[in-house]
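# Structural overview for review
One letter stands for each residue in the lines below.
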Number of protein chains: 2
Amino acid sequence: MEILKKKIQREGKVLPNKVLKVDSFLNHQMDPVLMKEIGEEFADRFKEEQIDKVLTVESSGIGPALMAALTMGIPMVFARKKKSLTLTEGLLSSKVYSYTKQESNQVTISKDFIKEGERVLIIDDFLANGQAALGLIDIVQQAGAVPSGVGIVIEKSFQEGRNRVLETGVRLESLARIQSLDDGKVRFADELMTIGGRL
Amino acid sequence: MEILKKKIQREGKVLPNKVLKVDSFLNHQMDPVLMKEIGEEFADRFKEEQIDKVLTVESSGIGPALMAALTMGIPMVFARKKKSLTLTEGLLSSKVYSYTKQESNQVTISKDFIKEGERVLIIDDFLANGQAALGLIDIVQQAGAVPSGVGIVIEKSFQEGRNRVLETGVRLESLARIQSLDDGKVRFADELMTIGGRL
């Protein structure tokens, strides 16, 4: 998605340990017009999948997921990273380790909102080690529903997440695929493909 | 906002301790069309205020705030409830106690995204004791910016938040004002006004 890649090139900051900071439009400040375009792109890429519901995890996934759900005309559900007092029974959980935050969270949804047989599109802001996406796929399967796709805004293609998601057999669409953050520079996977003829 | 009040009457669940659970369209599952209408309503109510930026706090505020920002054509910023490793310097923080979750959080934003002199609209899903709204007003003032309004989706008018916000002199607009959750029933403030001629 060209407009997204340009935004990453212009505003993304590469931090040590291969962290890409996109706080100016996705993870802290949000660009609503870009979020809407991202939502429309997801809706377009998964339009043949007869999706019933969009699932994400708080907090940065909510913007893209909500805009995708709006475009598709279906509800969105966001998983909680820990239990709240108003969500006490009928829960489905999966353990997710965040390398960025160096902590484990229980990612949790209510059984009320993902039903048996529903076709669920999982959306998240980043795919790195794949922990969050795999946790959400696990929850969808626990509910007896069908993980019909994973839509990622920014994929760090040099980490394990992509392969781990593909190994589950679930279709993966990433709007920007980053092949390298070496030397403080963002290099996209498809640019390398153009230059080097591989990938 | 009639469509919101109908949704609350139809789908809201009154739990013990005057907790109103609206997990089917706002706090866990989100209704994207309703979120869009809520965003448009906020944009309309604050259209004279020359707002530069919308500020909310993760997670349930993100949907309404993003839709308001989209309608107004401005960026949205969501405060974090605890510090993440990719946000390390240049922070503004305020302490917020959540009665629902019975815990204190440090609500934090980066100085980069709320600038001196900017007119900021604060949006949140619930107003109860007013802790979150006051924390966000505090942060806006720390930044040297102007808290130009507080927009709330659901106000529990029988708790202290409304008065506490009004005491700061900041304009408050709540789309649904709940006067009572007694006997497991939702009663709106303006209904009581119609019936009883007071409030």
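Scroll up for the structure.
Residues numbered from 1 in each chain as written. Chains lettered and ligands numbered in written order. Predicted model: local features only at pLDDT ≥ 70, side-chain atom pairs only at ≥ 80, totals over all residues. Heavy atoms only, no water.

### Here's the deal with the overall build of chain A
Looking only at helices and strands, chain A has six helices and 11 strands in total. By the compact-globule yardstick of 16 Å for 199 residues, chain A fits well, its C-alpha radius of gyration being 16 Å. Each principal axis of the C-alpha atoms in chain A carries an extent, and together these give about 50 × 35 × 35 Å. Taken over 199 residues, chain A has a buried fraction of 56%. (Helix = DSSP H or I, 4+ residues; strand = E, 2+ residues; numbered from the N terminus. Rg over C-alpha atoms; globule rule 2.2 N^0.38 Å. Buried < 20%, exposed > 50% of the residue type's maximum accessible area, 1.4 Å probe, protein only.)

### Describing the packing of helix α1 (residues 2-11) of chain B against helix α2 (residues 32-45) of chain B
All names here are of chain B. Interhelical geometry of α1 versus α2 gives an angle of 140 degrees and a closest axis separation of 10 Å. Here α2 runs oblique to α1, going by the angle between their axes. The crossing of α1 and α2 is left-handed. Of the residues in α2, those in contact with I3, L4 and K7 of α1 are L34, E37 and I38. (Axes fitted to C-alpha atoms, helices over the stretch in contact; angles between N-to-C directions. Parallel < 35°, antiparallel > 145°, perpendicular 65-115°, else oblique. Left-handed = near helix turned anticlockwise from the far one by under 90°. Contact = heavy atoms within 4.5 Å.)

### What to know about helix α2 (residues 32-45) of chain A
Residue and element names in this part refer to chain A. With 14 residues, α2 extends 20 Å from end C-alpha to end C-alpha; this agrees with the ideal 20 Å at 1.5 Å per step. Looking only at α2, the buried set comprises P32, L34, M35, I38, G39, F42 and A43. With a side-chain oxygen positioned 3.1 Å from the backbone nitrogen of V33, the residue opening α2 is D31. (Expected span 1.5 Å × (residues − 1). Polar contact = N/O pair within 3.5 Å; in protein donor to acceptor, adjacent residues only side chain to side chain.)

### Considerations on the environment of F158 of chain B
Residue and element names in this part refer to chain B. Locating F158 in the fold gives a position in the loop between β9 (146-156) and α5 (161-167). Considering only alpha carbons, one finds F158 and S148, 10 residues apart in sequence, at a separation of 24 Å. In this structure, F158 is in contact with K18, I178, Q179, S180 and L181, ignoring residues within four places of it in sequence.

### Let's talk about the relation of the copies chain B and chain A
In the superposition of chain B on chain A (RMSD 0.0 Å, axial shift 0.0 Å), the rotation amounts to 180 degrees. The transformation just described matches what one would write down for a two-fold rotation axis. Minimal C-alpha distance to the rotation axis in chain B is attained by S59 of chain B, lying at 2.8 Å. (Least-squares fit on C-alpha atoms with pLDDT ≥ 70 in both.)

### Concerning the pairing of β9 of chain B
Residue and element names in this part refer to chain B. In terms of burial, β9 is largely enclosed, as 10 of its 11 residues are buried. One ladder, built from eight bridges, connects strand β8 (residues 119-127) with β9; its direction is parallel. Bridged to I123 within β9 is G151. For the crossover that starts at β8, traverses helix α4 (residues 131-142) and ends in the parallel β9, the hand is right-handed. Alignment of β9 against strand β10 (residues 172-180), held across six bridges, turns out to be parallel. Directly across from I152, in β10, lies its bridge partner S174. For the crossover from β9 across α5 to β10, the handedness is right-handed. (Pairing = 2+ DSSP bridges. Right-handed = clockwise from strand over helix to strand, strands pointing away.)

### Brief notes about the side chain of S180 of chain A
All names here are of chain A. Note on placement: S180 falls in strand β10 (residues 172-180). Judged by relative accessible area, which is 12%, S180 ranks as buried. A polar contact is formed between the side chain of S180 and the backbone nitrogen of D182, at a distance of 3.1 Å. Sequence-distant contacts of S180, defined by excluding residues within four places in its chain, comprise F158, K185, V186 and R187.

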